[in-house]
Amino acid sequence: MTAADDARYMARAIGLARRGWHGTPPNPRVGCVLVRDCEIIGEGWHAAAGKAHAEVNALEDARARAGGAAGATAYVTLEPCSHYGRTAPCTGVLIEAGVRRVVAGMIDPNPQVAGNGLAMLQAAGIDTESGVLENDCAALNPGFVCRMRYRRPRVRLKLAASLDGRTAGADGQSQWITGPAARDDVHHLRAESGVVLTGIDSVLADDPSLNVRLPGDWRQPLRVVLDTRLRLPVTARMLGLPGRTLVFTAAPAGPAWDALAVAGAALERVPAGTGGLDLAAVMAGLAEAQINDVLVEAGPTLAGAFLDAGLVDELVVYLAPSIIGDGGRPLLAMPGLTRFADRRALSIVDMRAVGDDWRVTARPADTADPGRG
């Protein structure tokens, strides 16, 4: 196989991995292509956590199409796993199938694997290679990579504003700044996130649902509310919806805690920080719960606090073609930025029209892409 062949088959594996985009968390999205004599004989992808991995599905496809994968090259977007989880290690099934060569798009950042999978294959006499279309393979799983490398989920901050950067009018009205296409786009962001997070002030003001409302059957993200003093009412709309709601608080156990538990909320205590909860402790708790991606939908104070804490990996800003005026609510509250020299630089990575609105995707310029390190 030439380098061009390797890239072509890996690109096909990446396309297969995307088919599991919404179903695999907390597992990574993985695709696999089996090639023998310059012909694809098997394909597979990981469809959902707890189900067969991409390699197993590709081998099953090869058995049906070509009688097996002996002598084949396996192109896998992520190093085959070498440990027992909900399924057996993929290294073992590849060895048993008699593949001749394994090409991995990237080394698995999971410390339980981290090169061990390729080492096991090499010990069995199988040729291995890694790093083919590595950046594209990493882009399949930015949240998983972030959690494994930095022990926290990837955080995306979703914001919606008028063209002059206001999120609500002077009268407090905010529905709807953006149009139906942008709101539908946000539901897709929610669908690919493990958590949708907001603050108690937003809940008290808007009583949001924070769920996915798209046609069809969608996995609902975990709804997370940061509520330092435990003011969440038991009548909050989200508590009556399918899915789970987790409340982080600094308040001790007591009647309010018990009432929310009865209403269906899970509660977790974390230390208080400056002006609210310790956001790093919240992120550590979500990483411990195997959350890869967090979508923050919050008011200006909490949104600014996440940026100040250096916890925002990506901003997704929807700009509406309207002007609200300087009496409206600002996009972000960051009182520490008092001088022009203190401004935060961003790197814009995407800008596109969404209906009548514009979606701008940007990353803090001093923050590495968590999907690539």
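One can find the structure itself at the top, above this paragraph.
We now turn to the structure provided with this report. Just so it is clear, the structure is predicted and the values come from calculations on it, not from any experiment.

Calculation criteria
- Residues numbered from 1 in each chain as written.
- Predicted model: local features only at pLDDT ≥ 70, side-chain atom pairs only at ≥ 80, totals over all residues.
- Heavy atoms only, no water.
- Buried < 20%, exposed > 50% of the residue type's maximum accessible area, 1.4 Å probe, protein only.
- Helix = DSSP H or I, 4+ residues; strand = E, 2+ residues; numbered from the N terminus.
- Arc of directions from axis to C-beta.
- Contact = heavy atoms within 4.5 Å.
- Pairing = 2+ DSSP bridges.
- Axes fitted to C-alpha atoms, helices over the stretch in contact; angles between N-to-C directions.
- Patch = residues over 30% accessible without salt bridge, like charges linked within 9 Å, V, L, I, M, F, W, Y side chains within 5 Å.
- Areas by Shrake-Rupley, 256 points an atom, 1.4 Å probe, with all protein chains shown as cover.
- Salt bridge = Lys/Arg side-chain N within 4 Å of Asp/Glu carboxyl O.
- Parallel < 35°, antiparallel > 145°, perpendicular 65-115°, else oblique.
- Left-handed = near helix turned anticlockwise from the far one by under 90°.
- Nonpolar A, V, L, I, M, F, W, Y, C, P; charged D, E, K, R; others polar.

**Some remarks on helix α3 (residues 90–97)**
Of all the residues in α3, the buried ones are C90, T91, L94 and A97. Down the axis of α3, the buried set is contained in an arc of 130 degrees. They therefore lie on one face. As for α3, its buried residues are in contact with α2 (54–66), β3 (73–76), β4 (101–104) and α4 (116–123). Where α3 ends, the next residue or the one after it, G98, has phi of about 80 degrees, a positive value.

**Concerning the sheet that holds strand β6 (residues 154–162)**
Pairing is mixed in the open sheet, where nine strands are placed in the order β11-β10-β9-β8-β14-β6-β15-β18-β17. Two strands bound the open sheet, and with one partner strand each, they are β11 (266–269) and β17 (346–354). Here the average twist between neighbouring strands, direction ignored, is 25 degrees. When strand β8 (residues 195–199) meets strand β14 (residues 293–296), the two strands line up parallel, connected through three bridges. Looking across to β14, one finds that L197 is bridged to V296.

**Notes on a nonpolar patch on the surface**
A cluster of nonpolar side chains, contributed by I348, M351 and W358, occupies part of the molecular surface with about 340 Å² of accessible area. Summarising the element assignment, W358 is placed in strand β18 (residues 357–364). Owing to a relative accessible area of 44%, W358 belongs among the partly exposed residues under this scheme.

**Here's the deal with the packing of α2 against α3**
For the pair α2 and α3, the least separation of the axes is 9 Å and the interaxial angle reads 25 degrees. Between α2 and α3, the interaxial angle falls into the category roughly parallel. The handedness of the crossing between α2 and α3 is left-handed. Taken together, the residues of α3 that come into contact with α2 (itself represented by E55, V56 and L59) are C90, V93, L94 and A97. Here the contact of α2 with α3 is composed, by residue class, of six nonpolar, no polar and one charged.

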